[in-house]
Every structure is written in C-alpha cells, then in structure tokens.
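Coordinates in review
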Amino acid sequence: MKIAVYPGSFDPCTNGHLDIITRAARVFDKLIVAVLVNSHKTPAFTIEERMEFLRRVTRNISNIEIDSFTGLLADYTMQKNADVIIKGLRAVSDFEYEFQMALTNTKLNPSVETLFMTTSTANMYLSSSVVREVATYNGDLSGMVPDEIRDDIYKKIRRG
Ligand code: COA
C-alpha cells in the first residue's frame, strides 16, 4: 500500500489545495492531508478549524485522512510510514524553496520521496493569503475556495 502525505498550513485550504488533493488521492492508496506548522507564519485559523474545513471539502474522497502534527515533516512521515510527500508547484518561483525542503526532508528521512504536482492553470494565482486578503475586504471568493467553507471564512476573517 502506497501512502502519501500532503502537508501544508492550509490557512485556509483553497481550490488549489483541493485540486492537488483530488488528483493525488487517485494516484495513491492512501492520502494523508496533514496540517503542519510553518514557523514563519502566524495563522488566522486554528488547527482544528483548518482540519474541519479540510474534512468538509474532502468528505467524498474515501482514501483520505485529515491529521495535524507540530514537529518536523520528516518525523511525521516516519511515524506514518509514508512513502511519498506530495507538494504542489504553482510557478517557477516556488521551486527553489521547495527544492531545499525536499532535500532537507530526504536527509532527515531517506525513505521518503518528494513528488511535485503542477497546480492547474486556473489556480496558479491562488494562495491562502490571497484568500484571506480578499475576504478581509469582502471581495468575491467564488472560484477561490470550495463553496461549503466560503461563508465560514468570511465570518472568521471579519470577526478577527
Ligand atoms: N494551489 C494554490 N495555492 C497553493 C497550492 C496550490 N496547489 N499549494 C500551496 N499553495 C499556497 C499555500 O496556501 C501557501 O499560501 P500562503 O503562503 O499564503 O500561506 C503557499 O502556497 C505556500 O505553500 P507551502 O509552500 O505548501 O507552505 P505552507 O506554509 O502551506 O506549508 C509546511 C509549509 C507546513 C509544509 C512546512 O513549513 C513544514 O513542513 N513544516 C513542518 C516543519 C518542517 O519539517 N520544516 C521543514 C524542514 S526545516
């Protein structure tokens, strides 16, 4: 059984993330979507909120697990016996950072491979911070995030 981990901050998850999740779940026997901590970021949504959004938007995918972890991705992949780390690449500018992360993770856990999936062209401009920025000013989030979490994103961002 091939297990893949798709890690991210998912603050919040976007249509870009959902696109990668849907495609990766078709390729692997099991896909674990893991909400991890990026120490350079201050999240807007709690880990539990981010996991609940992910559970809601992936409820029709059967071979998926939504999880969270506060340590190193390499340790997490060891703990989960994962074969592969999935990362989405949006543009060439993502590459240098992702390349460094992939090498670091392989150094720390040599039994895990990092595979990159290209983001669909429709989602290339997207990021979680773009979504938060648009929501802050009451902009239209349709096409950016799954419909079932849109209202909750507005509510939280406006409150917060
Ligand atoms: N479509 C649209 N947007 C996407 C996307 C896609 N397919 N894939 C990623 N993005 C966006 C994300 O939403 C994020 O947006 P933001 O910067 O506005 O928040 C941005 O692109 C960067 O994504 P990513 O590079 O995946 O960063 P991340 O913060 O979501 O996740 C972790 C990074 C959590 C995986 C990483 O910090 C980590 O592994 N942490 C654990 C500790 C560790 O092991 N560190 C590495 C070794 S030192």
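For the structure, see preceding data.
The notes below deal with the structure included here.

Here is what the cut-offs are and how they apply
- Residues numbered from 1 in each chain as written.
- Predicted model: local features only at pLDDT ≥ 70, side-chain atom pairs only at ≥ 80, totals over all residues.
- Heavy atoms only, no water.
- Axes fitted to C-alpha atoms, helices over the stretch in contact; angles between N-to-C directions.
- Helix = DSSP H or I, 4+ residues; strand = E, 2+ residues; numbered from the N terminus.
- Parallel < 35°, antiparallel > 145°, perpendicular 65-115°, else oblique.
- Left-handed = near helix turned anticlockwise from the far one by under 90°.
- Contact = heavy atoms within 4.5 Å.
- Nonpolar A, V, L, I, M, F, W, Y, C, P; charged D, E, K, R; others polar.
- Pairing = 2+ DSSP bridges.
- Buried < 20%, exposed > 50% of the residue type's maximum accessible area, 1.4 Å probe, protein only.
- Right-handed = clockwise from strand over helix to strand, strands pointing away.
- Expected span 1.5 Å × (residues − 1).
- Polar contact = N/O pair within 3.5 Å; in protein donor to acceptor, adjacent residues only side chain to side chain.
- Salt bridge = Lys/Arg side-chain N within 4 Å of Asp/Glu carboxyl O.
- Patch = residues over 30% accessible without salt bridge, like charges linked within 9 Å, V, L, I, M, F, W, Y side chains within 5 Å.
- Areas by Shrake-Rupley, 256 points an atom, 1.4 Å probe, with all protein chains shown as cover.

1. Examining the packing of helix α2 (residues 47-57) against helix α6 (residues 147-159)
Between α2 and α6, the least distance of the axes is 9 Å, while the angle of their chain directions is 160°. With respect to each other, α2 and α6 are oriented roughly antiparallel. Between α2 and α6 lies a crossing whose hand is left-handed. Here α2 contributes Glu49, Phe53, Arg56 and Val57 to the contact with α6, which in turn contributes Glu148, Ile149, Asp152, Ile153 and Lys156. Among the residues forming the contact of α2 with α6, the class breakdown is four nonpolar, no polar and five charged.

2. Points about the sheet that holds strand β1 (residues 3-8)
An order of β3-β2-β1-β4-β5 is seen for the five strands of this open sheet, with the pairing classed as parallel. A single partner strand is all that each edge strand has here, and the edge strands are β3 (64-68) and β5 (113-118). Adjacent strand axes in the sheet meet at a mean angle of 30°, parallel and antiparallel pairs treated alike. Sheet topology places β1 next to strand β4 (residues 84-89); two bridges connect them, and they run parallel.

3. A few points about the pairing of β4
Among the six residues of β4, five are classified as buried, and the element is accordingly described as predominantly covered. Direction of pairing for β4 relative to β5: parallel, over a ladder of six bridges. Among the inter-strand pairings, Ile85 is bridged to a residue of β5, identified as Thr114. Traced from β4 through helix α4 (residues 92-108) to β5, the parallel crossover comes out right-handed.

4. Points about helix α1 (residues 15-27)
Taking 1.5 Å of rise per residue, 13 residues should cover 18 Å, and α1 covers 19 Å from first to last C-alpha, within 8% of that figure. The residue sitting at the N-terminus of α1 and contributing the capping side-chain oxygen is Thr14; that oxygen lies 3.1 Å from the backbone nitrogen of Gly16.

5. A look at the pattern of salt bridges
Evaluated as defined, the whole model comprises 16 salt bridges. Among the salt bridges present, the one from Lys156 reaches Glu49, with a minimum N-O distance of 2.7 Å. Of the two residues, Lys156 is situated in helix α6 and Glu49 in helix α2; the sequence distance between them amounts to 107 residues. A relative accessible area of 18% places Lys156 in the buried class. A residue is classified by how much of its surface remains accessible, and Glu49, at 26% relative accessible area, is partly exposed. A salt bridge links Arg56 to Glu52, with the shortest nitrogen-to-oxygen separation between them at 2.7 Å. Linking Arg56 with Glu52, this pair stays in helix α2, spanning four residues, or about one helical turn. The class for Glu52 is partly exposed, based on a relative accessible area of 31%. Put simply, Lys30, Glu65, Asp67 and Lys80 are held in one network by salt bridges that share partners.

6. Points about a nonpolar patch on the surface
Taken together, Phe95, Phe99, Leu103 and Phe116 make up a surface patch of nonpolar side chains, about 370 Å² in accessible area. For the nonpolar patch, the element with the highest residue contribution is α4, accounting for three residues. Its place among the elements puts Phe99 in helix α4. Relative accessible area serves as the criterion here: at 43%, Phe99 is assigned to the partly exposed category.

7. A look at unusual backbone geometry
Backbone torsion omega between Asp11 and Pro12 reads 0°, so that peptide bond is classified as cis. Along the chain, Pro12 falls in the loop between β1 and α1. A positive phi angle is found at Phe10, which is not glycine, with a value near 50°. Within the secondary structure layout, Phe10 lies in the loop between β1 and α1. Here Asn81, not a glycine, exhibits a phi torsion of approximately 55°, which is positive. A relative accessible area of 61% means that Asn81 is categorised as exposed.

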